[in-house]
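Listed below, chain by chain, are the residues.
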Amino acid sequence: MDLCSYKSYYGNFGQDQKIFLCDNEAQPNSNLCMFHDSHFLESIKNIETIEKEFQNKIDKYLTDENHEPFFCIGYYLYNINIKDKEFFYPVYFDNAQFSGSVSINVKFLNYVSFAGSHFSNEGDVSFSDSRFSGKGNVDFSQSRFSGKGKVSFSGCQFSNEN
């Protein structure tokens, strides 16, 4: 099967930019994977698939004790719910498109970037009680929050300590 053709630049900790090349499998009759194909979410069945596959991707990443960054650059995500996870290495959601409800309650213990991401639609966006700390910065530069939902960072902790 062919790989997704999505590619983008990312900031790489404020150093020179690097190129992100998606390594997910492309969808049949497409050159993009399910996460980078903006039309894939148009079907209710595909929404459930995206939710399940995204959770599987997170679980696999954390179970493998991977020491590489977790890349979700340019993803189209719907109704995201990430709870009780710890990310010890950099996480990139640069230019991701979030729609529906977004609930992220995790510990980011290294650099995390939502640069250029767009949070939209009717649902609420909550980072409540998340912890942003450790070895890196938190980047929401050029991120947009739009739609009728509420945005909450209530109870978040930001620190340089692990």
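None of the values given here were measured: they were computed from a predicted structure.

S.K.: Give a description of unusual backbone geometry that names residues and reports values.
M.R.: Of note, the phi angle at N79 is positive, near 50°, even though the residue is not glycine. Along the chain, N79 falls in strand β4 (residues 76-87). Residue D129 is not a glycine yet carries a positive backbone phi of 65°. Relative to the elements of secondary structure, D129 occurs in the loop between β9 (125-126) and β10 (131-132).

S.K.: Break down helix α1 (residues 44-63) for me, citing the residues and quoting the values.
M.R.: Taking 1.5 Å per residue as the helical rise, α1 with its 20 residues ought to reach 28 Å, and the 29 Å between its terminal C-alpha atoms agrees with that figure. Those residues of α1 that fall on the buried side of the exposure criterion are N46, I47, I50, F54, I58 and Y61. Seen from one end, α1 has its buried residues packed into an arc of 110°, which puts them on one side. In α1, the exposed positions angled more than 90 degrees off the buried face are occupied by I44, K45, E48, K52, K60 and T63. Buried residues along α1 sit against β3 (70-71) and β4. Once α1 finishes, E65 follows within two positions and takes phi at roughly 50°, a positive value.

S.K.: Describe the confidence of the model for the protein, naming the residues involved and giving the relevant values.
M.R.: Taken over all residues, the pLDDT of the protein has a mean of 90, while the share at 70 or more is 96%. For the protein, strand β14 (residues 157-158) is the element with the lowest average pLDDT, namely 88, and β3 is the one with the highest, namely 96.

S.K.: Could you give me a rundown of the sheet that holds strand β11 (residues 138-139), with the residues and numbers involved?
M.R.: An order of β3-β5-β7-β11 is seen for the four strands of this open sheet, with the pairing classed as parallel. The strands lining the two open edges of the sheet, one partner per strand, are β3 and β11. Of the pairings in the sheet, the one linking strand β7 (residues 112-113) to β11 comprises two bridges and is parallel in character. Bridge pairing in β11 places V112 opposite V138.

S.K.: Lay out the environment of F87 in plain terms, naming residues and giving numbers.
M.R.: Position of F87 relative to the elements: it lies in strand β4. Look at F87 and you get buried, because its relative accessible area is 3%.

S.K.: Quick one: what's the story with the pattern of salt bridges, residue by residue and with numbers?
M.R.: When the charged atoms of two side chains with opposite charge come close together, those side chains can pair. Counted according to the given criterion, the structure contains three salt bridges. Between K85 and D59 there is a salt bridge, with the nearest N and O atoms lying 2.9 Å from each other. Taken together, the residues span a long stretch of sequence, with K85 in strand β4 and D59 in helix α1 at a distance of 26 residues. Taking the relative accessible area as the measure of exposure, D59 reaches 33% and is therefore partly exposed.

Rules used in this analysis
- Residues numbered from 1 in each chain as written.
- Predicted model: local features only at pLDDT ≥ 70, side-chain atom pairs only at ≥ 80, totals over all residues.
- Heavy atoms only, no water.
- Helix = DSSP H or I, 4+ residues; strand = E, 2+ residues; numbered from the N terminus.
- Expected span 1.5 Å × (residues − 1).
- Buried < 20%, exposed > 50% of the residue type's maximum accessible area, 1.4 Å probe, protein only.
- Arc of directions from axis to C-beta.
- Contact = heavy atoms within 4.5 Å.
- pLDDT = per-residue confidence, 0-100.
- Pairing = 2+ DSSP bridges.
- Salt bridge = Lys/Arg side-chain N within 4 Å of Asp/Glu carboxyl O.

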